[in-house]
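Each chain, letter by letter, is given below.
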Amino acid sequence: MSDIIVNDENGTDVVQYEPQGICAKFIQIKIKNGIVEDAEIIGGCSGNHSGIISLIKGMNINDVKSKLSGIRCGSRPTSCPDQLALALNYYIEQQTVKA
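Criteria and cut-off values
- Once a new chain begins, its residue numbering starts again from 1 and follows that chain's sequence as written.
- Residue-level local features of this predicted model are given only where pLDDT is at least 70; pairs of side-chain atoms are given and counted only at 80 or more, and the full residue set underlies all totals for whole chains, interfaces and linings.
- To obtain the side-chain values, all non-hydrogen atoms of the structure were used and water was disregarded.
- Where helices and strands are cited, they refer to DSSP runs of H or I of at least four residues and of E of at least two residues respectively, numbered from the N terminus.
- It is over C-alpha atoms that the radius of gyration is taken, and the globule rule equals 2.2 Å times the number of residues to the power 0.38.
- Relative accessible area decides the class of each residue, using a 1.4 Å probe on protein chains only: under 20% of the type maximum gives buried, over 50% gives exposed, and in between gives partly exposed.
- As used in this structure description, the phrase polar contact means that two N or O atoms lie within 3.5 Å; if the pair is within protein, one of them must be able to donate a hydrogen and the other to accept it, and residues adjacent in sequence are counted only when both atoms belong to side chains.
- We call two residues in contact when some of their heavy atoms are within 4.5 Å.
- Take the buried residues of types Ala, Val, Leu, Ile, Met, Phe, Trp, Tyr and Cys, join any two whose side-chain atoms come within 4.5 Å, and each joined set is a nonpolar core.
- Each salt bridge in this description consists of a side-chain nitrogen of Lys or Arg and a carboxyl oxygen of Asp or Glu lying within 4 Å of one another.

**Student:** For this particular structure, what's the right way to read the overall build of the protein chain?
**Tutor:** Along its length, the protein chain carries 3 helices and 4 strands. Relative to its length of 99 residues, the protein chain is compact, with a C-alpha radius of gyration of 12 Å against a globular reference of 13 Å. If one aligns the C-alpha atoms of the protein chain with their principal axes, the spans along those axes are about 40 × 25 × 20 Å. Counting across all 99 residues of the protein chain, residues that qualify as buried make up 38%.

The following block contains the structure:
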């Protein structure tokens, strides 16, 4: 998996992820108490990214992960939503290890 960085900014975890196999170059997700506060996807289809972000704001990270995981983009084995789900999966695993 590519580099994932999790920073704490005033009680909000900020997940920064360099996705693989998609047009997007960078994904950032802000999470507070297991809820997506905001997200940003740099590169790729900005209209699609805006739609995805609008839909996931306020959602539980487990729900987002389950809805987006496994989505493909054309013939690619992954997609921007799938890569976002992978970043959330990594974050969830790290939170479990901390506990």
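Further notes follow.
**Student:** When you look at the side chain of Ser-79 in this model, what are you seeing that I'm missing?
**Tutor:** Positionally, Ser-79 belongs in the loop between helix 2 (61–68) and helix 3 (80–98). Classification of Ser-79 by relative accessible area gives buried; the value is 3%. Side-chain polar atoms of Ser-79 contact the backbone oxygen of Ile-71, separated by 2.8 Å. When sequence neighbours within four positions are dropped, the list of residues in contact with Ser-79 reads Ile-22, Ile-71, Arg-72 and Cys-73.

**Student:** For this particular structure, what's the right way to read the nonpolar core?
**Tutor:** Core analysis: the biggest nonpolar cluster contains 24 residues, and Ile-29, Ile-56, Val-64 and Leu-84 have the highest contact counts within it. Contributions of two or more residues to this core are made by strand 2 (12–17), strand 3 (26–32), strand 4 (35–42), helix 1 (46–56), helix 2 and helix 3. If one sorts the elements of this core by residue count, helix 3 sits on top with 7 residues. Aside from chain neighbours lying at most four places away, what touches Ile-56 is Val-36, Ala-39, Val-64, Leu-68 and Leu-84.

**Student:** I tried to follow the pattern of salt bridges on my own but got confused; where do I start?
**Tutor:** Between side chains of opposite charge, a pair can form as their charged atoms come close. Per the counting criterion, the structure on display carries 1 salt bridge. Between Lys-57 and Asp-38 there is a salt bridge, with the nearest N and O atoms lying 3.5 Å from each other. With a gap of 19 residues between them, Lys-57 in the loop between helix 1 and helix 2 and Asp-38 in strand 4 connect regions that are remote in the sequence.

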